[in-house]
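# A look at the structure
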Amino acid sequence: MNDMTQNNLERALKIVGTRPPRPDGVDKVTGRALFGSDKSLPNMLVGRVLRSPYAHAKIISIDTSKAEVLNGVKSIVTCADFEDFPSEFVPNGEMIVNLKDITRNIMAREKVLYVGHTVAAVAATSEDIAEKALGLIDIKYEVLPHVLEVEDAEKPDAPVLHEDMMTIGIEPSPKKASNVAKRVEFGFGDVEKGFAEADLIVEREFTTQQVHQGYIEPHACLASVSEDGQADLWCTTQGAFVVRNFCSKLLGLSAAQIKVTASEIGGGFGGKTVVYLEPLALALSRKSGRPVKMEMSRAEVFTSSGPTSGAKVWVKIGVKNDGRIIAGDCVLKYQAGAFQGAPVGPGAMCAFAPYDMVNVRAVGYDIVVNRPKVSAYRAPGGPISEYGVESVLDEIALKLEMDPIEIRLKNAAKEGTIAPYGPKLGPIGMIETLEAAKAHPHYSAPLGPNQGRGIASGFWFNIGGETSSSITINEDGTVGLTLGTTDIGGSRASMAMMASEELGVPMDLIKPVIGDTNSLGFNFLTGGSRATFSTGMTVVRSTREAIEELKKRAALLWEVDLNQVEWVDGHARLIAGDEPKTMSLAQIAKQAGKTGGPIMANCSMNVTGAGPSLGTHIVDVEVDTETGKVSIVRYTAIQDAGKAIHPAYVEGQMQGGAVQGIGWALNEEYIYNDKGELENTGFLDYRIPVCSDVPMIDTVIVEVPNPNHPYGVRGVGETPIIPPLAAISNAVSRATNIRFNELPLSPPKVLAKLMHG
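A short tour of the structure in this document, coming up. (Residues numbered from 1 in each chain as written. Predicted model: local features only at pLDDT ≥ 70, side-chain atom pairs only at ≥ 80, totals over all residues. Heavy atoms only, no water.)

### Concerning unusual backbone geometry
Under the convention used in this document: The helix and strand labels rest on DSSP assignments: H or I over at least four residues marks a helix, E over at least two residues marks a strand, and numbering proceeds from the N terminus. Each residue is placed in one exposure class: buried if its accessible area under a 1.4 Å probe, protein chains only, is under 20% of its type's maximum, exposed if it is over 50%, and partly exposed if it falls in between.
Here the amide bond leading from E171 into P172 is cis, since omega sits at -5 degrees, within 30 degrees of zero. Note that the residue after L743, namely P744, is joined by a cis bond; omega there is 0 degrees. Mapped onto the secondary structure, P744 falls in the loop between helix 20 (723–736) and helix 21 (747–756). Of note, R378 is a non-glycine position whose phi angle comes to about 30 degrees, a positive value. The topology assignment puts R378 in the loop between strand 17 (360–368) and helix 12 (382–400). Using a relative accessible area of 7% as the deciding quantity, one classes R378 as buried.

This is how it looks when you write it as structure tokens:
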């Protein structure tokens, strides 16, 4: 643990760890806050998208001539308006994306690859004219066979989506194209030897369906390209700088030509880390010379933005009779959608990561199918793989007649454990979350008829990344704080709290804002549980630099050496002298013009040292044996936050992740017909949980400080969606004495198992 972290943890904190109101709260509850579709400009056009009616088809020709002459149509774009790219992989949060695929996903080129794939876009003076113009665009297709499931896509006679895609990660390298984009493997030891030494082996297969992040705000943007080529883009996004970089590449513009401003965001959960409408709006604006506003309908969000993968999972675990895991093996086959990039790598990394193992292997396959290209969804890949592992571990506990928490405690990862994906773990809270779960009143509460209790744990590695922030000491003693990471969970409050704690001034003097891409150095997107950790690191460093400057200014005013000045509780204090002297931040700032000018500090760094986060969930369910309906009776989420800067926001992340996991486990799934058309394209048919579906969710925050952060922070947003899938499945299995291996546990599926076993 470094000295900076140690000092903060040992001193009494006044702001960090409290629950002040969020700085952006008033604007949001009064409706003043501006979201993606709330911005307008004079002479603005309406943009609309023409989408493929087919799951897989060659584009023979596109004729836009009739639409172009329609009165009120100002511009039309097709693939001809975007540069083609060779294959080039770039990082995007926890996911890796290919520029060649991005340009084909925002606008189909040789083929359409899913129903809803963009083939053209129109900008017109009204919505009605734009819609009429779409109907006048003549596209000729050659319809091809399609494939929707990974097991079908793997078959030798399956229709191939990309004739130039060879599987990466297989030796020898294949010479024939297939739908398997890549193979990944993590692990160590000898799993076959381990299984040979095991007293008990359980091997199972699991199925999960494709689910959507379900954010309430659809994708929306407003683009304006001026005659000199400068572009302004307002959009709902988790990463303004990432949007700028993608759009500059796709449109052949320099990064300096595009200014991206992130609106307030009405939910993202990983699904707003990519571009869909933004390049189209910029291209339409450049072509028309007028601002263009675009919004997705809810149906378009479901059919044409990125859900997460459905998957087939195989898990095999061997244990000794005392419950010690001797070997673990899994194979993960994830749907990537129409283009490679399923989160199977993170899934394989996380599968066995909560445990200290000697023989472990996780193999993953990234498989393309005729569905929309997947994007990140909160701990992408982790919920799926750990659903299988935690379900098998629960079955083993039953067979050994062991308490499900005890078997996890016996195998829990701890400081010094080698993670299955390679690194030696530092201080982590797996044992602490399990002990907190065991001690919680929920765990010993009695159960009623047809009720069952499930336990599951989860792991997320968390990330850092490129981050910038700046702090300005204003002449009236207030403090401006400019941040570059989109606030999707209260990070403005957390950053202001850390700055307040460092400066020793009230938090209401700190005014945090999210800057546009011209205001700061590059910031990676808000995702991977990096915002509070990474941005907090830069805020603390820039604040401490500002404090040093404040001390210098006080020394000049007092005409003493700098080493005679210290900073205490928002004041410079003269150490030496007969009479104690102090000068407040406001007093120093007021005289800044006399001592060298404005006082500010910046910090830009590629932040490393993100500490993994672990959690354990307890859930009680009740199963209606006549209908198969599963009801959540009680839920407790326990998680290591390192240090909860604002405990209410940490609790909110834990509760939100649990609720999304409940939906994934019980109701949510993409339902396709035999034509490859999505049949549930609205919230009436795609059933996310509402208040009446869930109980009050209890939370327990465990704090095992991350030694690499000045306040011990480790990200919290990803981990809470990982345990619910397995915890709920385990609870249903224990309530019914039937093992379930397919999600969602919707009434028809549960009832069929109850009737037929």
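Let's pick the thread back up.
### Here we look at the sheet that holds strand 19 (residues 465–473)
Short version of the rule: One bridge is not enough; two strands pair if DSSP finds at least two bridges between them. To obtain each axis, a line is fitted to C-alpha atoms, and for helices this fit is confined to the stretch in contact; angles are then taken between N-to-C directions over 0 to 180 degrees. Contacts between residues were defined by any pair of non-hydrogen atoms, one from each residue, lying within 4.5 Å.
Spatial strand order, 21-20-19-25: four strands in an open sheet with mixed pairing. Two strands bound the open sheet, and with one partner strand each, they are strand 21 (510–514) and strand 25 (599–607). Within this sheet the neighbouring strands show an average axis-to-axis angle of 15 degrees, counted without direction. Note that strand 20 (residues 479–483) and strand 21 share five bridges and pair parallel. In the strand pairing of strand 21, L483 is matched with I514. Contacts between helix 16 (residues 491–503) and the sheet are confined to strand 19, strand 20 and strand 21, with strand 21 contributing the most and set at about 145 degrees to the helix. In this fold helix 17 (residues 531–558) packs onto strand 19, strand 20 and strand 25, with an angle of close to 150 degrees to the strand it touches most, strand 25.

### A few points about the pairing of strand 20
To keep things clear, this is the line we draw: Handedness of a crossover is defined as follows: with both strands directed away from the viewer, a clockwise route from the first strand across the helix to the second makes it right-handed.
Counting buried residues in strand 20 gives five out of five residues, a clear majority hidden from the surface. The side-chain alternation of strand 20 yields two buried faces, one formed by V479, L481 and L483 and the other by G480 and T482. When strand 19 meets strand 20, the two strands line up antiparallel, connected through five bridges. When the bridges of strand 20 are listed, I473 appears paired with V479. What sits between the antiparallel neighbours strand 19 and strand 20 is a turn of five residues, in which G477 has the positive phi angle 90 degrees. Handedness of the crossover is the feature at issue here: the chain leaves strand 20, passes through helix 16, returns alongside strand 21, and the resulting connection is right-handed.

### Some thoughts on the nonpolar core
For the record, the criterion: The set of buried Ala, Val, Leu, Ile, Met, Phe, Trp, Tyr and Cys residues whose side-chain atoms join them within 4.5 Å is what this entry labels a nonpolar core.
If you look at the biggest cluster of nonpolar residues, it comprises 163 residues, and the most contacted ones within it are L233, M294, I317, I396, V621 and I728. It is helix 12 that provides the largest number of residues to this core, a total of eight residues. Those residues within four positions of I396 in sequence are excluded, and the remaining contacts are L200, V202, I317, V319 and I407.

### Focus: the pattern of salt bridges
To keep it simple, the criterion reads: The working definition used for a salt bridge is a side-chain nitrogen of Lys or Arg within 4 Å of a carboxyl oxygen of Asp or Glu.
Taken as a whole, this structure holds 46 salt bridges when the rule is applied. Of the charged contacts, one joins D164 and K100 as a salt bridge, the two residues approaching to 2.3 Å between their closest N and O atoms. Taken together, the positions of D164 in the loop between helix 6 (150–153) and strand 9 (180–188) and K100 in helix 4 (residues 99–106) put the pair 64 residues apart, joining distant regions of the chain. A salt bridge links D394 to R734, with the shortest nitrogen-to-oxygen separation between them at 3.1 Å. Taken as a pair, D394 in helix 12 and R734 in helix 20 lie far apart in primary sequence, 340 residues in all. Judged by relative accessible area, D394 falls into the buried class, the value being 0%. Accessibility expressed as a relative area gives 24% for R734, which makes it partly exposed. A network of salt bridges, in which partner residues are shared, links R22, D24, K28, E264, D487 and R492.

### Re the sheet that holds strand 18 (residues 451–460)
Read across the sheet, four strands follow the order 18-26-27-28 without closing on themselves; strand pairing throughout is mixed. In this open sheet, the two edge strands, each paired with only one partner strand, are strand 18 and strand 28 (697–702). Direction aside, the axes of adjacent strands within the sheet are offset by 15 degrees on average. Here strand 18 pairs with strand 26 (residues 613–623) via 10 bridges, running antiparallel. Note on strand 26: the bridge partner recorded for G458 is G615. Relative to the sheet, helix 14 (residues 430–439) contacts strand 18, strand 26, strand 27 (630–640) and strand 28, its axis offset from that of strand 26 by approximately 30 degrees. Sitting on the sheet, helix 20 touches strand 18, strand 26 and strand 27, and the angle it makes with strand 18 is about 155 degrees.

### What to know about the environment of S542
Note the cut-off: Contacts described as polar in this section are N or O atom pairs within 3.5 Å, which, within protein, must combine one atom able to donate a hydrogen with one able to accept it, while residues neighboring in sequence count only if both atoms come from side chains.
By the element assignment, S542 lies in helix 17. Judged by relative accessible area, which is 0%, S542 ranks as buried. Sequence separation between S542 and N602 is 60 residues; the distance between their C-alpha atoms is 5.3 Å. When sequence neighbours within four positions are dropped, the list of residues in contact with S542 reads S469, I471, A601, N602 and C603. A polar atom in the side chain of S542 sits 3.1 Å from the backbone oxygen of V539.

### What to know about the packing of helix 19 (residues 647–666) against helix 20
For clarity, the cut-off: Reported orientations rely on four angle classes, namely roughly parallel under 35 degrees, roughly antiparallel over 145, roughly perpendicular from 65 to 115, and oblique for the rest. Should the near helix be turned anticlockwise from the far one by less than a right angle, the crossing is left-handed, and should it be turned clockwise, the crossing is right-handed. Residues are grouped as follows: Ala, Val, Leu, Ile, Met, Phe, Trp, Tyr, Cys and Pro are nonpolar; Asp, Glu, Lys and Arg are charged; every other residue, Gly included, is polar.
In the contact formed by helix 19 and helix 20, the axes pass within 8 Å of each other and the chain directions differ by 55 degrees. Regarding the angle of helix 19 to helix 20, the classification is oblique. Where helix 19 crosses over helix 20, the two elements pack in a sense that is right-handed. Residues G657, A658, G661, I662, W664, A665 and L666 of helix 19 form the contact with helix 20, whose participating residues are P724, L725 and I728. Classifying every residue of the contact of helix 19 with helix 20 by side-chain character gives eight nonpolar, two polar and no charged.

### Remarks on empty space enclosed by the protein
So the rule is basically this: Cavity: a set of points on a 1 Å grid over the protein atoms alone where a 1.4 Å probe fits but cannot get out. Pocket: an open set with protein on both sides within 12 Å along at least five of seven lines, its lining residues, like those of a cavity, having an atom within 4 Å of a point. Grid points are joined across faces, edges and corners, and a volume is the space filled by probe spheres set on the points.
Enumeration according to the criterion identifies three cavities of 30 Å³ or more in this entry. If you add up the space inside the second largest cavity, you get close to 60 Å³. If you go around the second largest cavity, the residues you meet are R51, N105, I106, Y114, G116, H117, T118, Y276, L277, M296 and S304. Partitioned by chemical class, the residues of the lining of the second largest cavity number five nonpolar, five polar and one charged.

### Some words on a nonpolar patch on the surface
Rules: Patches were defined on residues exceeding 30% relative accessible area and lacking a salt bridge, with like-charge contacts within 9 Å and nonpolar side-chain contacts (Val, Leu, Ile, Met, Phe, Trp, Tyr) within 5 Å. Only the protein chains shown count as covering a residue, and every accessible area follows the Shrake-Rupley method with a 1.4 Å probe.
Together, F89, I96 and I168 give the surface a local cluster of nonpolar side chains, amounting to about 270 Å² of exposed area. Among the structural elements, I96 can be located in strand 5 (residues 95–98).

### Considering the packing of helix 12 against helix 13 (residues 404–411)
As a packed pair, helix 12 and helix 13 sit with axes 9 Å apart at the nearest point and diverge in direction by 110 degrees. Classified by the interaxial angle, the pair formed by helix 12 and helix 13 is roughly perpendicular. Judged by the twist between their axes, the crossing of helix 12 over helix 13 is right-handed. Between helix 12, through E390, L393, D394, I396, A397 and L400, and helix 13, the contact on the second element is made entirely by P404, I407 and R408.

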